[in-house]
Amino acid sequence: MPFAVPALPIPTSPGEDERMRQIIPALLDSVRDHARSWFETLPARPVRASASSAQLRQSLGGPLAENGAPPADVIAALASAGAAGTIASAGPRYFGFVVGGSAPAALAADWLVSMWDQNACTFAHSPLVSTVEQITGSWLRDLAGLPSTMSFGFVTGGHMANFTSLACARHSVLRKAGWDVETNGLSGAPPIEICVNEESHYTIFLALRLLGLGSARVRKIPADGQGRMRADRLGAALRETSGPCIVCAQAGNVNTGAFDPLTAIADATRERGAWLHVDGAFGVWAAASPQHAHLVRGIERADSVATDAHKWLNVPYDCGLVFCADESAHRSAMSLAAAYIGASGGERDPHEFVPEESRRARAIPVYAALRSLGRRGLAEMIERNCRQARRFGNALRAEGFEVLNDIVLNQVLVSFGAPERTQATIAALQQDGTCWCGGTVWQGRTAMRISVSNWSTTDDDVENSIEAIVRCARSIGS
Ligand SMILES: Cc1ncc(COP(=O)(O)O)c(C=O)c1O
């Protein structure tokens, strides 16, 4: 599968520049053709890569040539390598990690984003992007059941949303203690007490580390067998603390999908005068479904909320969101003026709410996804995926395998017996290619994790995947 990329002199003359500009439509047509064949094969293609990294390096690597290649050849080589080296994670039978697909309108809008190449930094850079961010952020806040006064920012994903949220928290709790962390840093600052669910996603600890708060200096609050923080233990821990304090709760455990008891946690946190952060990378969107909204009750009392759009909202990578109850803390933690970046006279300057400055117009695919789904479409997708997750659990249980979690959302944990047996089943399934599931260790038990998060997964996809999982599990000798 060698991809020949012939060399072409770099265009230097004005005429050559013009010729290069003229090939853009044909180049995009060729991408459209590649896209068409990709999407025609996506639902049926094996959910695994067919090329090894060595083969991909051989096709795409080597030293960078002195002279440039024709753009059409570059695209052809990438498209060919992409067909072999990608995993069909946007397709209907990918159940690994928590990976959504791309809703059609979101994908198409993402192409517009690349075409426009707008910088989502300030209103001056792009009135369109600033305005669409404003509209989309308000819709999302509403769908998540959050107060209309919360500020928001579009970041790269859940990790950066946790990071931004905790930067806002750090600002606020230290400001109340008389310390300006943005100006003075952390040296000499009052210590901050941090209480986290012991089953928090690892990005909470990574965010704390990046913020200079230390990933090991936290009080880990015990969780129950589903990964829900024990509110009674949080209350007891908070009573032992004094001074600035942050509590990190979770809406949707990455393994079990379980939700912390947010109302009880909000009560304990409020009584202590601490900041409440909720990591709801995918779980927040339960709020958009009448059947599941009760799971996130209490989230409206959070001081900050982190979530993703590139997971269950089914927009292309990358897009996460941060919401903050204290807009002034949000701006103080994130923005720093420069002489040439003046405030945009009451218009939204997106960079004021995120760690980045120059950035992609991430809100536009989200706008398209929401506009095309509507409230009902989003609720139906969430409910369909949850029903499909329950079907996985019931079918695998009926086949004699052990389901380790209560299926409250879209996540299923299955054990096939001894750890080696479960690992071998996962390896066999990934090789089989009917569907893709990954492994995890849940409270000491090795498990296969199934996450149903894609708009295009049909009930037939689920049945075919169950059949493949059972076949692979049975193929492992005892
Ligand atoms: C609960 C939770 N928080 C944070 C993250 C990190 O999100 P991202 O990978 O978008 O940075 C994840 C990812 O699965 C998650 O499940």
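Source: prediction; values computed, not measured. (Residues numbered from 1 in each chain as written. Predicted model: local features only at pLDDT ≥ 70, side-chain atom pairs only at ≥ 80, totals over all residues.)

A. Region of interest: the site of the ligand. The full set close to the ligand counts 13 residues, and Gly-157, Gly-158, His-159, His-201 and Ala-281 are the nearest of them. Considered class by class, the residues forming the shell around the ligand number four nonpolar, seven polar and two charged. (Near = placed C-beta within 6 Å. Nonpolar A, V, L, I, M, F, W, Y, C, P; charged D, E, K, R; others polar.)

B. Fine view of the environment of Asn-464. Within the fold, Asn-464 resides in helix H15 (residues 459–475). Measuring from C-alpha to C-alpha, the distance between Asn-464 and His-125 comes to 48 Å, with 339 residues separating the pair along the chain. (Helix = DSSP H or I, 4+ residues; strand = E, 2+ residues; numbered from the N terminus.)

C. View of the domain arrangement of the chain. Here the domain parsing of the chain yields domain 1 (14–83), domain 2 (107–368) and domain 3 (381–475). For domain 2 and domain 3, the distance between their C-alpha centroids amounts to 30 Å. The interface is formed by 19 residues belonging to domain 2 together with 17 residues belonging to domain 3. The residue makeup of the side of domain 2 that touches domain 3, split by class, is seven nonpolar, 11 polar and one charged. (Domains from an automatic or database assignment. Contact = placed C-beta atoms within 7 Å.)

D. Representation of the packing of helix H6 (residues 127–143) against helix H13 (residues 363–398) within the structure. The contact between H6 and H13 brings their axes to 9 Å, and the two run at 35°. Considering only the axes of H6 and H13, their crossing is left-handed. Counting all contacts with H6, which are made through Val-129, Val-132, Glu-133, Ile-135, Thr-136, Gly-137, Trp-139 and Leu-143, the residues of H13 involved are Ala-363, Ile-364, Val-366, Tyr-367, Leu-370 and Leu-378. Of the residues assigned to the contact of H6 with H13, the class counts are 11 nonpolar, two polar and one charged. (Axes fitted to C-alpha atoms, helices over the stretch in contact; angles between N-to-C directions. Left-handed = near helix turned anticlockwise from the far one by under 90°.)

E. Geometry of the nonpolar core. The biggest cluster of nonpolar side chains holds 134 residues, and the ones touching the most others in it are Leu-234, Ile-246, Val-247 and Ile-265. With 16 residues, the single largest contributor to this core is H13. Here this core gathers at least three residues from each of two domains, domain 2 (107–368) and domain 3 (381–475). Filtering out sequence-adjacent residues up to four positions away, Val-247 remains in contact with Cys-195, Leu-234, Ile-265, Thr-269, Ala-274, Trp-275, Leu-276 and His-277. (Core = buried A, V, L, I, M, F, W, Y, C linked by C-beta atoms within 7 Å. Buried ≥ 20, exposed ≤ 12 C-beta atoms within 10 Å, placed from the backbone.)

F. Structural context of the sheet that holds strand E9 (residues 411–415). In spatial order, the strands read E8-E9-E11-E10; together these four strands make up an open sheet with antiparallel pairing. If you trace the sheet from one side to the other, it starts and ends with strand E8 (402–403) and strand E10 (438–442), each paired once. The pairing of E10 with strand E11 (residues 445–451) spans five bridges and is classified as antiparallel. In the sheet register, Trp-442 faces E11, and the bridge partner there is Arg-445. Sheet contacts for H13: E8, E9 and E11; angle to E9, the most-contacted strand, approximately 15°. The sheet strands contacting helix H14 (residues 419–432) are E9, E10 and E11, and the helix crosses E11 at an angle near 30°. (Pairing = 2+ DSSP bridges.)

G. Here's a closer look at the sheet that holds strand E3 (residues 219–221). As summarised here, the arrangement of the seven strands in space is E1-E7-E6-E5-E4-E2-E3, forming an open sheet in which the pairing is mixed. In this open sheet, the two strands that pair with only one neighbour each are strand E1 (151–155) and E3. Between one strand and the next, the sheet's axes are offset by a mean angle of 20°, whatever the strand orientation. Across three bridges, the pairing between strand E2 (residues 193–197) and E3 is parallel. Paired with Val-196 across the bridge in E3 is Lys-220. Sheet strands touched by helix H11 (residues 262–272): strand E4 (245–250) and strand E5 (275–279). Its angle to E4, the strand with the most contacts, is close to 175°.

H. Structural context of the confidence of the model for the chain. Mean pLDDT for the chain: 94, with 95% of residues reaching 70 or above. Note that residues 1–9 has pLDDT below 50 and, in this model, 25 contacts with residues that lie over four places away or in other chains. (pLDDT = per-residue confidence, 0-100.)

I. Seen up close, the environment of Ser-200. Its place among the elements puts Ser-200 in the loop between E2 and helix H9 (202–210). Overall, Ser-200 belongs to the buried group, with 24 C-beta atoms counted inside 10 Å. Between the C-alpha atoms of Ser-200 and Gly-252, which are 52 residues apart in sequence, the distance is 9.8 Å.

J. Helix H5 (residues 104–116), seen in detail. If you check H5, its first and last C-alpha atoms are 19 Å apart, about what 13 residues at 1.5 Å a residue would give, namely 18 Å. Turning to H5, its buried residues number three or more, namely Ala-106, Ala-109 and Asp-110. Down the axis of H5, the buried side of the element spans an arc of 110°, and every buried residue falls inside it. Turned more than 90 degrees off the buried face of H5, the exposed positions are Ser-114 and Met-115. Those residues of H5 hidden inside the fold are in contact with H13. One or two positions beyond H5, positive phi appears at Asp-117, with a value near 50°. (Expected span 1.5 Å × (residues − 1). Arc of directions from axis to C-beta.)

K. View of the pairing of E1. Burial of E1 is extensive: five of the five residues sit out of reach of the surface. Of the two faces of E1, the one holding Ser-151, Gly-153 and Val-155 and the one holding Phe-152 and Phe-154 are both buried throughout. Relative to strand E7 (residues 320–324), E1 runs antiparallel, the two being bridged by five bridges. Following the sheet pairing, Phe-154 is matched in E7 by Leu-321.

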